[in-house]
There are 2 protein chains.
Amino acid sequence: MKANYQNDGLLIVVSGPSGVGKGTVCAALREKKTDLTYSVSATTRQPREGEEHGVNYFFETETSFKKMIQNEELIEWAQYVGNYYGTPRRFVEDTLRSGKDVLLEIDVQGAQQVKQRFSNGIFIFLLPPSIDDLRERIVGRGSETEASIHNRLGAATDEFKHVQYYDYVVINDRVEAACERIDAIITAEHCKKDRIVMMNG
Amino acid sequence: MKANYQNDGLLIVVSGPSGVGKGTVCAALREKKTDLTYSVSATTRQPREGEEHGVNYFFETETSFKKMIQNEELIEWAQYVGNYYGTPRRFVEDTLRSGKDVLLEIDVQGAQQVKQRFSNGIFIFLLPPSIDDLRERIVGRGSETEASIHNRLGAATDEFKHVQYYDYVVINDRVEAACERIDAIITAEHCKKDRIVMMNG
């Protein structure tokens, strides 16, 4: 008898309301956990200076992007300000099969699409400690008008309701603490009984 | 809206086949995680020098121990070499209610009893990387005859079958690694969605 952790990687989806700090937490996580692969998105927007195809984004024409949608080659997609963005299924599946965990940082609408296609993903909802805290964060960016702050807080309050679809909730009280919790969740998930392979010999 | 981790502690049950190193791993965990409360067992055996009632054990007479069994005040119990040993429900429940996690290091038979009474406990099965590794561990103790090694390995092989009742499997390849995995499991379990309390205000 030999016991081993299984070879397939896990799809880790980090989402949460607008303004909660997903980007900051995931960037810190990326630094801490170098064995984690970031999902590379497909987009129809023009590459910016220094951006590489297959590294920062998969750059697609609108025609090729729409074909990917039709062929169900995207596990989620959305349109922002005239451009399409999406997560290519193939990159995610190939990386998981190679035994690496994939991290997907995504808004709540995108996460809901992913959940339909990857129900065995690990869904983590990042929450601010309080609405007041979220307001401070949004105001702190200094780039928003009073009306847009009001709108964003309203949207965030709606997005809180999505928490029910998630496996874990990580409170983003401090970036380092949130990061450690996500790290622990990934380690624990690999230890789930059903992920252990027992072999004779 | 305010989000918080709930106040109740978790019951963490660490079990596994005979000889796998539960004691060593739990001792290391105890040093690492000082916020973890060890369950204090009740016993009918005589206190040894320096042992304190309520710290090392709850020392009971056979009459009072049997009364505890009858009154369902023990979440598991067994008899070894003429003495009774058991886990008092009250100590566990009081500690959990005070918000502290309780660690119970216990054999697979005891764990099965606990599971019937505390189905919301976190059940962790410690496994050796292989049967060969377990044999080396048992032989390494130097205190066992060839026949008793054979018996212990046979018992351990039977005990492996209990893995199906557990939530997590931790492979004890290195004490420090096993310890970190259990630590991560405890952190992750506190982040489970159903353990988050959302309050207005």
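Along each chain, the written sequence defines residue order, and numbers are assigned to residues from 1. Note on labels: chains are lettered from A, ligands numbered from 1, in written order. Totals for whole chains, interfaces and linings use all residues, but because this is a predicted model, local features are given only for residues with pLDDT of at least 70 and pairs of side-chain atoms are given and counted only at 80 or more. Where side-chain values are given, they derive from all heavy atoms of the structure, hydrogens and water being excluded.

1. Let's talk about the overall build of chain A
Across its full length, chain A carries 7 helices and 11 strands. A radius of gyration in this sense is built from C-alpha atoms; the matching globule rule multiplies 2.2 Å by the number of residues raised to 0.38. Its C-alpha atoms give chain A a radius of gyration of 18 Å, near enough to 17 Å, the size a compact globule of 201 residues would have. In terms of its C-alpha atoms, chain A occupies a principal-axis envelope of roughly 65 × 40 × 30 Å. Relative accessibility under 20% of the residue-type maximum defines a buried residue, over 50% an exposed one, and the middle range a partly exposed one, all with a 1.4 Å probe and only protein chains included. Evaluated residue by residue, chain A yields a buried proportion of 47% over its 201 residues. Surface accessibility follows the Shrake-Rupley procedure with a 1.4 Å probe radius. Residue values consider only the protein chains on display as shielding. A total of about 10,200 Å² of accessible surface is found on chain A, and carbon and sulfur atoms cover 45% of it. Segments assigned H or I by DSSP are reported as helices when at least four residues long, segments assigned E as strands when at least two residues long, and all are numbered from the N terminus.

2. What about the packing of helix α5 (residues 131-140) of chain A against helix α6 (residues 146-160) of chain A?
Residue and element names in this part refer to chain A. The axes are straight lines fitted to the C-alpha atoms, using for helices just the contacting stretch, and the angles between their N-to-C directions are given from 0 to 180°. Across the interface, α5 lies against α6 with an axial gap of 10 Å and an inter-helix angle of 140 degrees. Judged by the angle between their axes, α5 and α6 are oblique. You can see that α5 and α6 cross each other, and the crossing is right-handed. Each of I131, L134, R135, I138 and V139 in α5 lies in contact with α6, whose residues at this interface are I149, R152, L153, A156, T157 and F160. Its residues assigned to classes, the contact of α5 with α6 comprises 8 nonpolar, 1 polar and 2 charged. For classification purposes, an angle smaller than 35 degrees is called roughly parallel, one larger than 145 roughly antiparallel, one from 65 to 115 roughly perpendicular, and anything else oblique. Left-handed is the label given to a crossing in which the near helix is rotated counterclockwise from the far helix by less than a right angle, and right-handed is the label when the rotation is clockwise. Contacts between residues were defined by any pair of non-hydrogen atoms, one from each residue, lying within 4.5 Å. Throughout this entry, Asp, Glu, Lys and Arg are counted as charged residues, while Ala, Val, Leu, Ile, Met, Phe, Trp, Tyr, Cys and Pro are counted as nonpolar. The remaining residues, Gly among them, count as polar.

3. So, the pattern of salt bridges
Residue and element names in this part refer to chain A. Salt bridge, as used here, is a side-chain nitrogen of Lys or Arg placed within 4 Å of a carboxyl oxygen of Asp or Glu. This structure, assessed with the given rule, holds 22 salt bridges over all chains. Residues R90 and D94 are paired through a salt bridge, measuring 3.6 Å at the closest nitrogen-oxygen approach. Here D94 and R90 lie together in helix α3 (residues 89-97), a separation of 4 residues that amounts to about one turn. Judged by its relative accessible area of 65%, R90 is exposed.

4. Notes on the environment of A:I138
Residue and element names in this part refer to chain A. Mapped onto the secondary structure, I138 falls in helix α5. The exposure class of I138 is buried, given its relative accessible area of 0%. Sequence separation between I138 and V20 is 118 residues, and the spatial gap between their C-alpha atoms is 8.6 Å.

5. Focus: the relation of the copies chain A and chain B
Least squares is the method used to superpose the copies, on C-alpha atoms of residues holding a pLDDT of at least 70 in both. With an RMSD of 0.1 Å, the fit of chain A onto chain B corresponds to turning through 180 degrees and sliding 0.0 Å along the axis. Such a combination of turn and shift is consistent with a two-fold rotation axis. By C-alpha distance to the rotation axis, the residue of chain A lying nearest is A:A184, at 2.1 Å. Counting the interface residues of chain A, we find that 100% of their copies in chain B are interface residues as well, pointing to one common contact surface.

6. Quick word on the sheet that holds strand β4 (residues 41-43) of chain A
Residues and elements named next belong to chain A. The strand order across the open sheet built from 4 strands is β5-β4-β7-β6, with neighbouring strands paired in mixed fashion. Each end of this open sheet is capped by a strand with a single partner; those strands are β5 (57-59) and β6 (74-80). The mean angle between the axes of side-by-side strands here comes to 25 degrees, regardless of whether they run parallel or antiparallel. At least two DSSP bridges between two strands are needed for those strands to be called paired. Pairing between β4 and strand β7 (residues 83-88): 2 bridges, direction antiparallel.

7. What about the interface of chain A and chain B?
If you look at the interface, chain A gives 29 residues, while chain B gives 29 residues. Each partner contributes to the roughly 2,500 Å² buried at the junction of chain A and chain B, and carbon and sulfur atoms together form 70% of this total. For chain A, the biggest contributors to the area lost against chain B are A:M1, A:Y5 and A:K193; these three give 22% of the whole. Linking chain A with chain B are 0 salt bridges, by the criterion used here. Under this definition, polar contacts are N or O atom pairs within 3.5 Å; protein pairs additionally need one hydrogen-donor-capable and one acceptor-capable atom, and for neighbouring residues in sequence, both atoms have to be side-chain atoms. At the boundary of chain A and chain B, one finds 12 residue pairs in polar contact (both at pLDDT 80 or more). Of all the elements in the fold, those that place two or more residues in the side of chain A that touches chain B are β1 (2-5), β10 (168-171), α7 (175-190) and β11 (196-199) of chain A. Looking at the side of chain A that touches chain B residue by residue, the class counts come to 20 nonpolar, 4 polar and 5 charged. Summed over both partners, the accessible area (1.4 Å probe) lost when two parts come together is defined as the buried area.

8. Brief notes about helix α3 (residues 89-97) of chain B
Residues and elements named next belong to chain B. Within α3, burial applies to V92, T95 and L96. Taken around the axis of α3, the buried residues stretch over an arc of 100 degrees, which confines them to a single face. Counted as exposed and oriented over 90 degrees from the buried face of α3: R90 and R97. Buried positions along α3 lie against β2 (11-15), β3 (36-38), β6 (74-80), β7 (83-88) and β8 (101-105). Here the arc refers to the directions that run from the helix axis out to each C-beta atom.

9. A few points about the packing of aromatic side chains
Only rings of Phe, Tyr and Trp enter the pairing, Trp through its six-membered ring, and a pair is recorded when the two centres are within 6.5 Å. The plane angle decides the type: under 30 degrees is stacked, over 60 is edge-to-face, the rest tilted. Summed over the entire model, instances satisfying the criterion amount to 16 aromatic pairs over all chains. Members of the aromatic cluster, joined through ring pairs, are A:Y57, A:F59, A:Y80 and A:Y85. Throughout this description, the term charge over a ring refers to an Arg CZ or Lys NZ atom that lies within 6 Å of the ring centre and within 35 degrees of the ring normal. The ring of B:Y38 carries the charged tip of B:R30 above its face, separated from the ring centre by 3.7 Å.

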